[in-house]
Amino acid sequence: MNTQIIRTRMAPSPTGEYHVGHIATLLKNYAFAKKHDGAFILRIEDTDQFRLVPGAVEKILSVIKAYGLDWDEGPEKGGPHEPYVQSQRLSRYKDYALKLVEDGAAYYCTCSPDRLSALREQQQKDKQPPKYDRHCVSKQSEIKKQIDAGEEYVIRLLVPDDEPVSFDDMIRGEITTPSASVDDQVLLKSDGFPTYHLAVVADDHEMEITHVLRGEEWISSTPKHVLLYRAFGWEPPVYGHIPVFLNPDGKGKMSKRKGTVSAQSFLDAGYLPEALLNFFMILGWTPQDQREMLTLHEYIQEFDPKDISPKSVVFDVKKLEWINGQYIRLLPSAELERRIHPFLPDDFPNDALHKILPLVADRLVTLRDIEEHTTFFYRSITIDPQLLTKKSTATEVTNQLAETKDVLSRIDDWTVEEIERHIRDLQEERSWHKRQYFMMLRVAITGKTATPPLFETMEVLGKEKVLSRLLIQSDALSV
Ligand code: GLU
């Protein structure tokens, strides 16, 4: 029996907005750990001091929580491998790099930036891939003296000349790279900070990470990581590289240029976090029975990274909208009222929310749509008179409006039933064309051709407003 405890992680860099792709990847790591009663770890990778964005860590933590996800070990929570922020672990990385130098698996390099860029230029001219030429390898004792005298240095991995570097990707199968094509990467920078490659390997090892599901943009880094594990004599985790999302038009990697990508912006646009998670679940993965709606709990039971398609998937906004609509319809009314609150415009009549919301809930694609579907309840409406007279003459419509107003003004008990009875009786008595009359009335009262059920709408609008709108429209037609 395999008794290994599954430990996965997500390792965000606080260099900007957290992307929907990050949440989708985090979800997979989270679900895989939960499925196996393992642990999901969150680690902040903030060693690239130049790209740090103030406040980004707090935003990342809060958006992960806003999506209803959580971590077992990490910032705010702590855990057996504290601290979970790389800038607080700096001394370890230097020790690791020095240990590799001692073992002959890494070396000091004091090449100046000028020399390195001249080398790169030459390689470009010669149509060679950019690679460090090991200028410093043979001069280590000399360099050591310079370093002791205060000279700046970096530490580079001594990549073996000719060894196949393989790993078995959970999603893509075996991937092999000749070590000759891997550069002697920098592990420790001259400011004493580790590079991403050293820090990620050291931490994944220390934090006992067993599986790493990450975006395919990291696939070219993985041979470097495998080589580092080899140099340390450690067992690498199992990797799986998840395909990128393509822009909704199917062209190119999803990017800011073609619309929003930030995880927070989708919540701000009125998508429900559970609908977004469901959407991420089925992008590039389908449950056995092919259904498109599943809860987080069901996903955890059924998800297996091996079943993720290695092909890039289009970020199909139409599908997301459909799923979101489904989830909105599933919310109990009190919960929908609570969730929609932040999206209500300032002039929304809050005390009528419980009456208005059930009338429009079926039409909401996102929570933000609430304004568009309800303004006629609380703002004045403007109508193109031609809409009223589309199927009839101005004289007839003016007459219909006046008679309807008369009939409605006689109602004391302003209820759906009474409104409906009066209007239907009038229409029958006058033998008005049913479709023309009801559509005309709908437009006169709401300004729109598509609205919630007419009589319910009239009840919520109130007698006074309905009568005054009928009057305004008939006046407008008769001038
Ligand atoms: N810090 C990296 C990032 O920003 C982590 C990459 C990885 O998962 O190894 O995504």
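Because the structure is a prediction, the values reported are computed rather than measured. (Residues numbered from 1 in each chain as written. Predicted model: local features only at pLDDT ≥ 70, side-chain atom pairs only at ≥ 80, totals over all residues. Heavy atoms only, no water.)

1. A word on the nonpolar core
In summary, soluble globular proteins display a tendency toward joint burial of nonpolar side chains. As a reminder, the rule being used: Joining through side-chain atoms within 4.5 Å is the link that ties buried Ala, Val, Leu, Ile, Met, Phe, Trp, Tyr and Cys residues into a set, and such a set is a nonpolar core. Relative accessibility thresholds used throughout: buried, under 20% of the residue-type maximum; exposed, over 50%; partly exposed, between the two (1.4 Å probe, protein chains only). The helix and strand labels rest on DSSP assignments: H or I over at least four residues marks a helix, E over at least two residues marks a strand, and numbering proceeds from the N terminus. Should any heavy atoms of two residues lie within 4.5 Å, those residues are counted as being in contact.
In terms of nonpolar packing, the biggest core is built from 104 residues, with Ile23, Tyr67, Phe280, Phe315, Leu408 and Met458 touching the most fellow members. Per-element tally for this core: the top contributor is helix H1 (residues 20–35), with 9 residues. Beyond its immediate stretch of four places on either side in the chain, Met458 contacts Leu408, Trp414, Ile419, Ile423, Ile445 and Val466. Cys136, Ala199, Met207 and Ile209 belong to the second-largest nonpolar core, a separate cluster that totals 45 residues.

2. Side note on the pairing of strand E6 (residues 173–178)
Basically, it comes down to this: By this definition, two strands are paired if DSSP reports at least two bridges between them.
Bridge count for strand E5 (residues 164–169) against E6 is 6 bridges, and the pairing is antiparallel. Paired with Pro164 across the strands is Pro178, a residue of E6. A loop of 3 residues connects E5 with E6, the two strands running antiparallel in sequence.

3. Section: a negative patch on the surface
So the rule is basically this: For patch detection, residues must exceed 30% relative accessible area and be free of salt bridges, and they are connected within 9 Å for like charges or within 5 Å for nonpolar side chains (Val, Leu, Ile, Met, Phe, Trp, Tyr). Using a 1.4 Å probe, accessible areas were evaluated by the Shrake-Rupley method; residue-level cover was limited to the displayed protein chains. Each reported salt bridge corresponds to a side-chain nitrogen of Lys or Arg within 4 Å of a carboxyl oxygen of Asp or Glu. Neither His nor the chain termini are counted; the positive set is Lys and Arg, and the negative set is Asp and Glu. Throughout, a charge is located at the NZ atom of Lys, the CZ atom of Arg, the CG atom of Asp or the CD atom of Glu.
A contiguous patch of negative charge, built from Asp412, Asp413, Glu417 and Glu456, is present on the exposed surface. Note on placement: Glu456 falls in helix H19 (residues 454–461).

4. Thoughts on the site of the ligand
Which entries qualify depends on this criterion: Any residue with at least one heavy atom within 4 Å of a molecule or strand is counted as near it. In protein, a polar contact means a hydrogen-donor-capable atom and an acceptor-capable atom, both N or O and within 3.5 Å, with residues adjacent in sequence counting only if both atoms are side-chain atoms; elsewhere, any N or O pair within 3.5 Å suffices.
Taken together, Arg9, Ala11, Ser13, Glu45, Tyr196, Val200, Arg214 and Trp218 make up the full set of residues adjacent to the ligand. Between a nitrogen atom of the ligand and a main-chain N or O atom of Ala11, the distance comes to 2.8 Å. In the model, a nitrogen atom of the ligand is placed 2.8 Å from a nitrogen or oxygen of the Ser13 side chain. When the ligand is considered free in solution it has 290 Å² of accessible area, and contact with the protein chains removes 88% of it.

5. Remarks on the layout of surface pockets
Formally: Using only the protein atoms, space was sampled on a 1 Å grid; points where a 1.4 Å probe fits but cannot get out form cavities, open sets with protein on both sides within 12 Å along at least five of seven lines form pockets, and lining residues are those with an atom within 4 Å of a point. Grid points are joined across faces, edges and corners, and a volume is the space filled by probe spheres set on the points. In this classification, Asp, Glu, Lys and Arg are treated as charged, Ala, Val, Leu, Ile, Met, Phe, Trp, Tyr, Cys and Pro as nonpolar, and every other residue, Gly included, as polar.
Roughly 950 Å³ of internal volume is contained in the largest pocket. Lining the largest pocket are 38 residues, and of these Ala11, Ser13, His22, Glu217 and Trp218 sit closest to its centre. Of all the secondary-structure elements, those providing two or more residues to the lining of the largest pocket are strand E1 (7–10), H1, helix H6 (196–206) and strand E8 (211–215). Across the lining of the largest pocket, the residue classes break down as 15 nonpolar, 11 polar and 12 charged. As a volume, the second largest pocket reaches approximately 370 Å³. Sorting the residues of the lining of the second largest pocket by element identifies helix H4 (113–125) and strand E4 (154–157) as the ones contributing at least two each.

6. Regarding the packing of helix H13 (residues 353–360) against helix H14 (residues 370–378)
What counts here: The axes used here are C-alpha line fits, helices contributing only the stretch in contact, and every angle between their N-to-C directions lies in the interval 0 to 180 degrees. These descriptions rest on fixed angle ranges, namely under 35 degrees for roughly parallel, over 145 for roughly antiparallel, 65 to 115 for roughly perpendicular, and the rest for oblique. For a crossing to be left-handed, the near helix must be turned anticlockwise from the far one by less than a right angle; the clockwise case is right-handed.
In contact at an axis separation of 11 Å, H13 and H14 are set at 120° when each is read in the N-to-C sense. By the angle between their directions, the pair H13 and H14 is classed as oblique. Handedness of the H13/H14 crossing: right-handed. Packed against H13, whose contacting residues are Ile356, Leu357, Leu359 and Val360, the element H14 presents Ile370, His373, Thr374 and Phe377 at the interface.

7. A short note on unusual backbone geometry
When glycine is set aside, most residues are seen to have a negative phi, and most peptide bonds are trans. A cis amide bond, omega -5°, links Glu82 with the succeeding residue Pro83. Within the secondary structure, Pro83 is located in the loop between helix H2 (56–66) and helix H3 (90–102). Within the chain, Asp37 stands out as a residue other than glycine whose phi angle is a positive 55°. Mapped onto the elements of the fold, Asp37 is located in the loop between H1 and strand E2 (39–42). Even without glycine at this site, Glu208 takes up a positive phi of about 55°. Here Glu208 is to be found in the loop between H6 and E8.

8. Concerning H14
Of all 9 residues in H14, 7 are buried; the element is thus mostly enclosed. When H14 is considered as a whole, its buried residues turn out to be Ile370, His373, Thr374, Thr375, Phe376, Phe377 and Tyr378. Where H14 is buried, its residues meet helix H12 (333–340), H13, helix H18 (434–446), H19 and helix H20 (463–478).

9. Focus: the packing of aromatic side chains
Our working definition: Classification of ring pairs rests on two measures: the distance between centres of Phe, Tyr or Trp rings, Trp counted by its six-membered ring, which must be within 6.5 Å, and the angle between planes, read as stacked under 30 degrees, edge-to-face over 60 and tilted in between.
By the definition in use, this model includes 24 aromatic pairs. On the basis of an interplanar angle of 10° and a centroid distance of 4.0 Å, the ring pair of Phe232 and Trp234 is categorised as stacked. Neither Phe232 nor Trp234 differs from the other in exposure class; each is buried. Ring geometry for Trp285 against Tyr299: centres 5.2 Å apart, planes inclined by 85°, an arrangement best described as edge-to-face. With Trp285 in the loop between helix H9 (273–282) and helix H10 (296–302) and Tyr299 in helix H10, this pair connects stretches of sequence that are 14 residues apart.

10. As for empty space enclosed by the protein
All chains considered together, the criterion is met by 1 cavity of 30 Å³ or more. Lining the largest cavity, in full, are Lys28, Ile242, Pro243, Phe245, Leu283, Gly284, Ile308, Ser309 and Val313. Among the residues making up the lining of the largest cavity, the classes are represented as 6 nonpolar, 2 polar and 1 charged.

11. Focus: the sheet that holds strand E3 (residues 106–109)
If you walk across this open sheet you meet the 3 strands as E3-E4-E7, and the pairing is antiparallel. Unpaired on one side and paired on the other, E3 and strand E7 (186–188) mark the two borders of the sheet. In this sheet, adjacent strand axes meet at a mean angle of 40° when their direction is disregarded. Here E3 pairs with E4 via 4 bridges, running antiparallel. Within E4, the residue paired with Cys109 across the bridge is Val154. The sheet contacts of H3 involve E3, E4 and E7, and relative to E3 the element is tilted by about 105°.

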